Amino acid sequence: MTLEQQLSHYVGAAVKALYGIEADEKQIQLQKTRAEFEGNMTVVVFPFVKAARKAPQMVAQEIGEWLMANSQQLIAKYNAVQGFLNLSIADAWWIAQLGAIHADPAYGTWPANNRLMMVEYSSPNTNKPLHLGHVRNNLLGYSIAKIQEANGWKVVKTNIVNDRGIHICKSMLAWLKFGQGETPESSGKKGDHLIGDYYVRFDVEYKAQIKQLMAQGMDEDTAKREAPLMKEAQAMLLKWEQGDPEVRALWEKMNNWVYAGFDETYRRLGVAFDKIYYESNTYLEGKKEVERGLQEGIFYRRADNSVWADLTGDGLDEKLLLRQDGTSVYMTQDIGTAKLRFKDYPIDKMVYVVGNEQEYHFKVLSLLLDKLGFPFGKELVHFSYGMVELPNGKMKSREGTVVDADDLMDAMVRDAKEIARDKVNTLPDITEAEADEIARKVGMGALKYFILKVDPRKNMLFNPDESIDFNGNTGPFIQYTYARIQSVLRKAGDSVIGSRFSVLGSGLSVIGLEEKELTLIQRLTEYPAAVRQAGEDFSPAQIAAYAYNVACDFNSFYHDYSILNEEDPAKRSLRIVLSDCVARVIGSAMSLLGIEMPERM
RNA sequence: GGUUCGGUAGCUCAGUUGGAUAGAGCAACAGCCUUCUAAGCUGUGGGUCGCGGGUUCGACUCCCGCCCGAAUCACCA
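Just so we're clear, the structure is a prediction, and the values are computed from it rather than from any experiment.

Peer 1: Please explain the packing of helix α8 (residues 191-215) against helix α10 (residues 228-242) as it appears in this structure.
Peer 2: A pair of packed helices can be characterised by two numbers: the angle between their axes and the separation between those axes. Look at α8 against α10: their axes get within 8 Å of each other, and the N-to-C directions meet at 130 degrees. In terms of orientation, α8 lies oblique with respect to α10. Of α10, the residues touching α8 (which contributes F202, E205, Y206 and Q209) are P228, L229, M230 and A233. For the contact of α8 with α10, a count of residues per class yields six nonpolar, one polar and one charged.

Here it is as structure tokens:
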């Protein structure tokens, strides 16, 4: 039973005994005591003052007295300030909690709920490399998967690769025309960057053609349509759909270059997938579903042969599902992908990690799946996150105002190495390889924490001119706290094992806790609830905030008290155990964010 | 114009279902390493919580109106 549940029970009994109130859960308001007051937990007594017909201060006093007499020593002290009853929980209770935490190797994770959640994230186009926007998506998706696993879900991480369409043809065409057979090997470029360069090249050449046509007196819209490059790209797309062997072979070759590049970026980001879907495989399935819907009268065909869904009854518009020429659109593909997924897995909950610019799309998708008879349709979750903005606005691939994912990671690790130079070199027996590994973990930790600490729903700002911090509320600050603890534990050696029994097995009540020890233990007891709340809210930011608070509490404790040099062996042991638990909770929380911990730094 | 989401310190961000004097970090300034890692700790200054009403013991939080910003309302994805 949690502390809140126990206290809630006692407070309920108190107001019943004192005032004859049958208090429900809403009325019994418990909160953590604010730092400026003495105590650990606070009861807000305002809800009872009316029925008690006494001043808030008096009510708080009376409940406090009653709890002292009837709480089986759980509550050691109390003080009443206006309508707030501050309770001090007995040291023995906290020490018992610490013992339980220390004994639980899976502390903070919840038991399996035997339900399966599929989390889709990343979802790249294969015509350009990943940028900072994708980085936010990948980090959020991966972290959410980890958080839901910690909440007892079986999670399947999935990726839908948009590997077909006109945008891919543009890169292919530009490469054919201007590439002169360039390959990742011949140029030394990563495959995704190589393809991205040709996507940009297409746009440059295309714009030049438009300009030329307009100079000849053509209006802009016509020029855009009639430019030879665009016509060629469309012809190529048609050939692709018809299965033309040459186009298909080129397509496969170039996509494989991109995949090799993506794999490297994913590996460096530390994200992974259990199952990858490709739109080239799912769009036909989507067309089949639309045809079925058409036959069953769920959708309708217009005179021009295009197929539509009428969602006006649901407060939305009419939505195109198949073009006049029978080709599919984004929505069609998503229907097909959903169908295949539910064929492949017994999914209880489907989560799409996709930017908030697509909220309308997922509203529509949810309705369409529901109309097509998929039971999961109505309950799909669009985990909608905000954009990453630069000081001068949104990132735009074609305008070159993007922060490239690979470049950014390089810069972060380089900065970490630079900052650590004087520091890490002083570590005993440090090797160049270990120093590099520390720089990698710290640089990536700074980047990941920087992104994940922000509420996912909000747009966030990234200023390329200001390097991401390594001090303060950052990933490295938390990693540093962890590394410090590991250093202490290494020096403590085997005494950790022995001490566990000497402190926690006997004489629980003889040790009085110092204030900052208690604060830390209380913080640790909040971890499971933090994991649960973060799961319910789909919020890695809450985990980040929790980990930061633990680290702050520990650093303050570490500064004020000695651990290994403490003379009282019981206290020394308790502090070692406490430090060990802090490190484990920090490590666990940060792993939910996909952030690795260095053993030294 | 309709819908959705935002607006909190100079900057970047927190702020559980309404609770005590609204918090961190960065930046600025002032201290703390003969003691377990100073990527740390302590302190100072910095606020009309966009504006105006309302609900009540109590509002950054809930309701209404307005202002500002973003996204979206495609035979793009």
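Next comes the rest of the description.
Peer 1: Where do I start with the nonpolar core in this structure?
Peer 2: Within soluble globular proteins, side chains that are nonpolar tend to cluster in buried spots. Judged by nonpolar contacts, the single largest core of 158 residues is most densely connected at I63, L67 and L524. Looking at this core element by element, the count peaks at twelve residues for helix α22 (residues 569-592). Excluding anything up to four places from it in sequence, L524 contacts L98, I101, Y107, Y546, V550, L578, C581, V582 and V585. Counting residues in each nonpolar core, the second largest holds 33 residues, with Y277, F299, L365 and L369 among its members.

Peer 1: So what exactly am I meant to see when it comes to the confidence of the model for chain A here?
Peer 2: Interpreting fine coordinate detail is not advised for predicted regions of low pLDDT. On average, residues of chain A score 92 in pLDDT, and 97% of them are at 70 or above. Below a pLDDT of 50 lies the segment residues 505-509, which in the model reaches four contacts outside its immediate sequence neighbourhood of four places, other chains included. At the level of chain-chain contacts, confidence expressed as ipTM amounts to 0.96, with global pTM at 0.95.

Peer 1: Would you mind showing me how to read the sheet that holds strand β3 (residues 75-81) here?
Peer 2: Two strands in a sheet stick together by hydrogen bonds in their backbones, pointing the same way (parallel) or opposite ways (antiparallel). Strand order in the open sheet formed by four strands is β1-β2-β4-β3, with antiparallel pairing between adjacent strands. Two strands close off the open sheet at either side, each with one partner strand: β1 (29-32) and β3. Between one strand axis and the next, the sheet turns by 25 degrees as a mean value, whatever way the strands run. Pairing geometry for β3 and strand β4 (residues 84-89), over six bridges, is antiparallel. Residue pairing for β4: K77 is matched across the bridge by S88.

Peer 1: Which parts of the structure should I look at to understand helix α3 (residues 56-70)?
Peer 2: In an α-helix there are 3.6 residues to a turn, and that puts residues three or four apart on one side. The end-to-end C-alpha distance of α3, which contains 15 residues, comes to 21 Å, matching closely the 21 Å that a straight helix rising 1.5 Å per residue would cover. Close packing links the buried residues of α3 with α1 (3-19), α2 (46-52), β3 and β4. Looking one or two residues beyond α3, the residue adopting positive phi is Q72, at roughly 55 degrees.

Peer 1: Would you explain the protein's contact with RNA strand B in this entry?
Peer 2: The environment of RNA strand B is made up of 62 residues, and the closest members are N162, D304, K423, Y480 and Y561. Contact distances for RNA strand B include 3.5 Å between a sugar or linking oxygen and a side-chain N or O atom of N459. Within the backbone of L564, a nitrogen or oxygen atom sits 2.9 Å from a base oxygen of RNA strand B. Breaking the surface near RNA strand B down by element, the ones donating at least two residues are β1, β2 (41-44), β4, α14 (359-371), α15 (405-424), β15 (460-461), α17 (475-492) and α21 (540-560). Per element, the largest residue contribution to the surface near RNA strand B is seven residues, and it comes from α17. Looking at the surface near RNA strand B residue by residue, the class counts come to 27 nonpolar, 20 polar and 15 charged.

Peer 1: Please clarify how the packing of aromatic side chains should be interpreted in this entry.
Peer 2: Between two aromatic rings, the relevant description is the distance of the centres plus the angle of the planes. Per the counting criterion, the structure on display carries 21 aromatic pairs. Aromatic side chains Y107 and Y527 sit 6.1 Å apart centroid to centroid with 45 degrees between the ring planes, which places their arrangement in the tilted category. A residue pair is termed long-range when its members are at least 10 positions apart, and Y107 in the loop between α4 (91-103) and β5 (116-120) and Y527 in helix α20 (residues 527-537) qualify at 420 residues. The pair Y107 / Y527 is uniform in exposure class, with both members buried. Between Y352 and F362 the ring centres are 4.8 Å apart and the planes differ by 45 degrees, which places this aromatic pair in the tilted class. With Y352 in strand β11 (residues 349-355) and F362 in helix α14, this pair connects stretches of sequence that are ten residues apart. What makes F362 buried here is its relative accessible area of 2%. Through successive ring pairs, a cluster of aromatic residues spans Y121, F262, Y266 and F273.

Peer 1: Sorry, what's going on with the pattern of salt bridges here?
Peer 2: When charged atoms on two side chains of opposite charge get close, those side chains can pair. As enumerated under the stated definition, the model contains 40 salt bridges in all. Ionic pairing is found between E205 and R201, a salt bridge with its closest N-O pair at 2.8 Å. Of this pair, E205 and R201 both sit in helix α8, separated by four residues, roughly a single helical turn. Among the residues examined, E205 registers a relative accessible area of 22% and is labelled partly exposed. With relative accessibility at 32%, the residue R201 sits in the partly exposed group. Several salt bridges share partner residues, and in doing so they unite E285, K288, E289, R292, E296 and K339 into one network.

Rules used throughout
- Residues numbered from 1 in each chain as written.
- Chains lettered and ligands numbered in written order.
- Predicted model: local features only at pLDDT ≥ 70, side-chain atom pairs only at ≥ 80, totals over all residues.
- Heavy atoms only, no water.
- Axes fitted to C-alpha atoms, helices over the stretch in contact; angles between N-to-C directions.
- Helix = DSSP H or I, 4+ residues; strand = E, 2+ residues; numbered from the N terminus.
- Parallel < 35°, antiparallel > 145°, perpendicular 65-115°, else oblique.
- Contact = heavy atoms within 4.5 Å.
- Nonpolar A, V, L, I, M, F, W, Y, C, P; charged D, E, K, R; others polar.
- Core = buried A, V, L, I, M, F, W, Y, C linked by side-chain atoms within 4.5 Å.
- Buried < 20%, exposed > 50% of the residue type's maximum accessible area, 1.4 Å probe, protein only.
- pLDDT = per-residue confidence, 0-100.
- Pairing = 2+ DSSP bridges.
- Expected span 1.5 Å × (residues − 1).
- Near = heavy atom within 4 Å.
- Polar contact = N/O pair within 3.5 Å; in protein donor to acceptor, adjacent residues only side chain to side chain.
- Phe/Tyr/Trp six-rings, centres within 6.5 Å; stacked < 30°, edge-to-face > 60°.
- Salt bridge = Lys/Arg side-chain N within 4 Å of Asp/Glu carboxyl O.

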